[in-house]
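Listed below are the residues making up each chain.
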Amino acid sequence: MTSDALTTVILAAGKGTRMKSRLPKVLHPIAGRPMLGHVLAAAGDFDGAATVLVVGPGMDQVAQYATGIHPGLRIAIQEQQAGTGDAVRSASAQIPDKDGVVLVVFGDTPLVQRETLALMVERCRRESDIVILGFEAADPTGYGRVVRDGETVTRIIEHKDASEEVRAIRLCFGGPMAVRARHLQALLDTLTNDNAQGEYYLTDFVAHGRAAGLSCSVTICPESDIQGVNSRADLAAAEAAMQKRLRAAAMAGGVTFLDPDTVYLSHDTQFGEDVTVGQNVVFAPGCRIAPGATIKAFSHLEGAEIGEGAEVGPFARIRPGTAVGARAKIGNFVETKKAKIEEGAKISHLSYIGDARVGAHANIGAGTITCNYDGYNKFFTDIGAGAFVGSNSSLVAPVKIGDGAYVGSGSVVTKDVSGDALAVARGKQMEKPGWAAGFRAKNEGIKKASPGE
Ligand code: UD1
Ligand code: MG
């Protein structure tokens with residue numbers, strides 16, 4: 001009887017030379033999350049499965065990131081980056097079950113879908129000793145080509161080792177491979193580095209397995225689910241594919257995008273039904289948008305919650321720690337940070353509201369600024385429900401504006417304002433009758449006295 005045990009091995013030890021980056025390749029973000037985070041989400045926590053992450057020596061940053069999101073993860077160190085087959089070999093001591101299925105997934109294929117991997121594991125349990133994931137590449141350059149004899153997969157040939165004839169094959173190996181664990185050691189023992197790159201290729205499992213009488217089949221998925229990231233251009237292509245997927249999911253969930261291709265989402269952006277998003281809007285990580293909210297054109301949101309029926313933008317910058325209440329309104333050129341803007345409050349134009357609460361139905365006039373920072377510390381501004389802050393006021397924190405209070409326009413408020421009071425903190429207006437006419441007459445006289453100029 002085949003055991004249902006599963007071990008997932010994620011390969012992330014490669015140097016990623018083609019990225020030309022100090023940051024390890026698998027930590028480059030796609031939709032606001034490191035590639036490896038996407039792979040772990042798809043492959044990392046199958047029920048009861050053990051997960052082994054293969055990293056290179058000194059790649060502590062990668063190991064730390066992965067264990068941070070997946071504490072049960074085992075880490076294997078591949079001493080020298082001698083190829084994908086060698087990487088699996090360095091994980092083999094950590095594979096607890098010699099019975100079930102071992103699923104190998106590459107850390108540089110962030111678009112891989114959980115359902116596809118689950119399907120491969122099932123096929124490996126029931127039908128085939130080895131199951132590989134393949135895709136038809138628009139441009140197969142660089143990928144390993146899947147060679148078939150009828151329906152049987154006979155081998156994978158790396159691009160650099162392939163003849164022109166093989167290079168014409170468009171069915172490519174995507175990276176994921178499921179292998180029955182009991183054959184793993186024997187397959188690892190067959191690997192040599194006698195090839196164009198002098199590496200131990202995981203892909204040789206197919207030909208070597210076939211030679212030993214093992215069965216091998218291919219599961220095929222769309223290219224947009226498995227394209228690999230080896231360069232910055234690939235990174236941009238993967239980002240575009242991920243954005244497409246996220247937008248489609250949001251629209252399927254009841255969101256209207258006025259121009260979908262110009263809206264950028266993060267892996268964790270959450271939308272309620274009937275949200276409308278205008279053109280050129282960016283949702284950085286950590287945003288939750290409640291049903292019926294409208295985010296207008298050219299707004300940037302990060303780490304924010306937007307309440308039901310609220311309106312944000314156009315041209316708003318909503319920074320982390322902002323919570324906008326139901327039916328509140330944030331207008332153009334408004335920046336908020338760590339701000340609780342309660343139900344129905346309005347900040348319609350040109351404001352900075354940071355480290356603050358704006359009570360329900362308060363109205364913040366154009367140009368109002370919370371002066372929250374003295375160069376060392378941040379201070380809190382508390383604006384009560386129904387307060388009205390006149391245009392161009394500076395609220396010097398820490399300061400409290402009571403419920404229902406008024407602040408006269410242009411005030412610099414440094415002291416608390418009592419509820420329902422009016423505070424005016426600006427130079428008093430005075431008037432000198434006729435002064436301007438006198439001033440003009442005097443100056444015109446001087447001008448006439450010196451006509452030569
Ligand atoms: C590999 C496949 C190729 C496939 C392509 C899909 C091999 C030999 N080639 O090529 O058939 O079409 O992926 O994207 O498997 N890694 C290690 N240790 C190493 C080398 C690599 O852990 O010594 C890791 C990398 O971090 C990466 C993954 O394995 O996550 C794939 O390595 P990479 O060098 O990107 O292989 P490709 O050239 O893309
Ligand atoms: Mg690759």
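Residues numbered from 1 in each chain as written. Chains lettered and ligands numbered in written order. Predicted model: local features only at pLDDT ≥ 70, side-chain atom pairs only at ≥ 80, totals over all residues. Heavy atoms only, no water.

**Student:** Explain the overall build of the chain here, please?
**Tutor:** For the chain, the count of helices and strands is 9 helices and 33 strands. The C-alpha radius of gyration of the chain comes to 31 Å, more than 25% above the 22 Å expected for a compact globule of 453 residues. With the C-alpha coordinates aligned to their principal axes, the bounding extent of the chain is approximately 105 × 60 × 40 Å. Across the 453 residues of the chain, 49% fall into the buried class. Within the chain, contacts between residues at least 6 apart in sequence are counted, and of these 44% link residues at least 24 apart. Surface exposure of the chain reaches about 21300 Å², of which carbon and sulfur atoms provide 51%. (Helix = DSSP H or I, 4+ residues; strand = E, 2+ residues; numbered from the N terminus. Rg over C-alpha atoms; globule rule 2.2 N^0.38 Å. Buried < 20%, exposed > 50% of the residue type's maximum accessible area, 1.4 Å probe, protein only. Contact = heavy atoms within 4.5 Å. Areas by Shrake-Rupley, 256 points an atom, 1.4 Å probe, with all protein chains shown as cover.)

**Student:** What is the right way to look at the side chain of Ser217 in this model?
**Tutor:** In this fold, Ser217 is placed in strand S11 (residues 216-220). Within the structure, the side chain of Ser217 is placed 3.0 Å from the side chain of Ser128, a separation counted as a polar contact. Look past the residues within four positions of Ser217 in its chain and what remains in contact with it is Arg123, Ser128, Ile130, Val131, Ile132 and Val153. (Polar contact = N/O pair within 3.5 Å; in protein donor to acceptor, adjacent residues only side chain to side chain.)

**Student:** Got a minute to help me understand the nonpolar core in this structure?
**Tutor:** Looking at soluble globular proteins, one finds that nonpolar side chains tend to be buried together. Counting 56 residues, the largest nonpolar core has Phe271, Phe283, Ile289 and Ile306 as the members making the most contacts within it. Contributing elements (two or more residues each) for this core: helix H8 (232-252), strand S12 (255-257), strand S14 (275-277), strand S19 (304-306), strand S21 (316-318), strand S23 (329-341), strand S24 (346-358) and strand S30 (399-401). Counting residues per element, this core draws most heavily on H8, which supplies 6 residues. Among the domains, domain 1 (6-226) and domain 2 (232-423) are the pair contributing at least three residues each to this core. Excluding anything up to four places from it in sequence, Ile306 contacts Arg288, Ile289, Ala290, Ala293, Ile295, Leu301, Val312, Ile318 and Val324. Of all hydrophobic cores here, the second largest spans 35 residues; its members include Leu27, Leu53, Val101 and Val121. (Core = buried A, V, L, I, M, F, W, Y, C linked by side-chain atoms within 4.5 Å. Domains from an automatic or database assignment.)

**Student:** Whenever I open this one, the pattern of salt bridges confuses me. Can you help?
**Tutor:** Taken as a whole and assessed by the stated rule, the structure comprises 18 salt bridges. The closest approach of N and O atoms between Arg245 and Asp225, which form a salt bridge, is 3.0 Å. On the criterion of sequence distance, the pair formed by Arg245 in helix H8 and Asp225 in the loop between S11 and H8 is long-range, its members being 20 residues apart. Exposure remark for Arg245: the relative accessible area of 24% places this residue in the partly exposed category. Salt-bridge contacts for Asp261 lead to Arg247; the nearest nitrogen and oxygen are separated by 3.9 Å. Of this pair, Asp261 sits in the loop between S12 and strand S13 (270-271) while Arg247 sits in helix H8, placing them 14 residues apart in sequence. (Salt bridge = Lys/Arg side-chain N within 4 Å of Asp/Glu carboxyl O.)

**Student:** Would you take a moment to explain the coordination of the magnesium ion (ligand 2) for this structure?
**Tutor:** Tetrahedral coordination by four donors places them ideally at 109.5 degrees to one another around the metal; octahedral coordination by six donors ideally gives 90 or 180 degrees. Within the protein, Asp108 (OD) and Asn230 (OD1) serve as the donor atoms for the magnesium ion (ligand 2), at 2.1 to 2.3 Å. A residue pair is termed long-range when its members are at least 10 positions apart, and Asp108 in the loop between strand S6 (101-106) and helix H4 (114-126) and Asn230 in the loop between S11 and H8 qualify at 122 residues. With respect to burial, Asp108 and Asn230 carry one shared label: buried. (Donors = N, O, S within 2.8 Å, 3.2 Å for Na, K, Ca; no water.)

**Student:** Just to check I follow, could you spell out the site of ligand 1 for this structure?
**Tutor:** Close contacts around ligand 1 come from 23 residues, with Gly14, Gln78, Thr84, Glu158 and Phe173 the closest. At 2.9 Å, a backbone N or O of Ala13 approaches an oxygen atom of ligand 1. A distance of 2.6 Å separates an oxygen atom of ligand 1 from a polar backbone atom of Phe173. Protein burial of ligand 1: of its 760 Å² of free accessible surface, 92% is covered by the chains. Its residues assigned to classes, the shell around ligand 1 shows 9 nonpolar, 10 polar and 4 charged. (Near = heavy atom within 4 Å. Nonpolar A, V, L, I, M, F, W, Y, C, P; charged D, E, K, R; others polar.)

**Student:** Would you mind going over the domain arrangement of the chain with me for this structure?
**Tutor:** It is common to report an interface's size as the accessible area lost on association of the parts. Domains assigned within the chain are domain 1 (6-226) and domain 2 (232-423). On a C-alpha basis, the centroid separation for the pair domain 1 and domain 2 is 43 Å. The largest per-residue losses of area from domain 1 upon contact with domain 2 belong to Ile30, Ala31 and Leu111, which jointly make up 46% of the total buried on that side. Inspection of the region where domain 1 meets domain 2 yields 1 salt bridge. Taken together, the links from domain 1 to domain 2 amount to 6 residue pairs in polar contact (both at pLDDT 80 or more). At the level of secondary structure, the elements contributing two or more residues to the side of domain 1 that touches domain 2 comprise strand S2 (29-30) and helix H1 (35-43). (Buried area = accessible area lost by both parts, 1.4 Å probe.)

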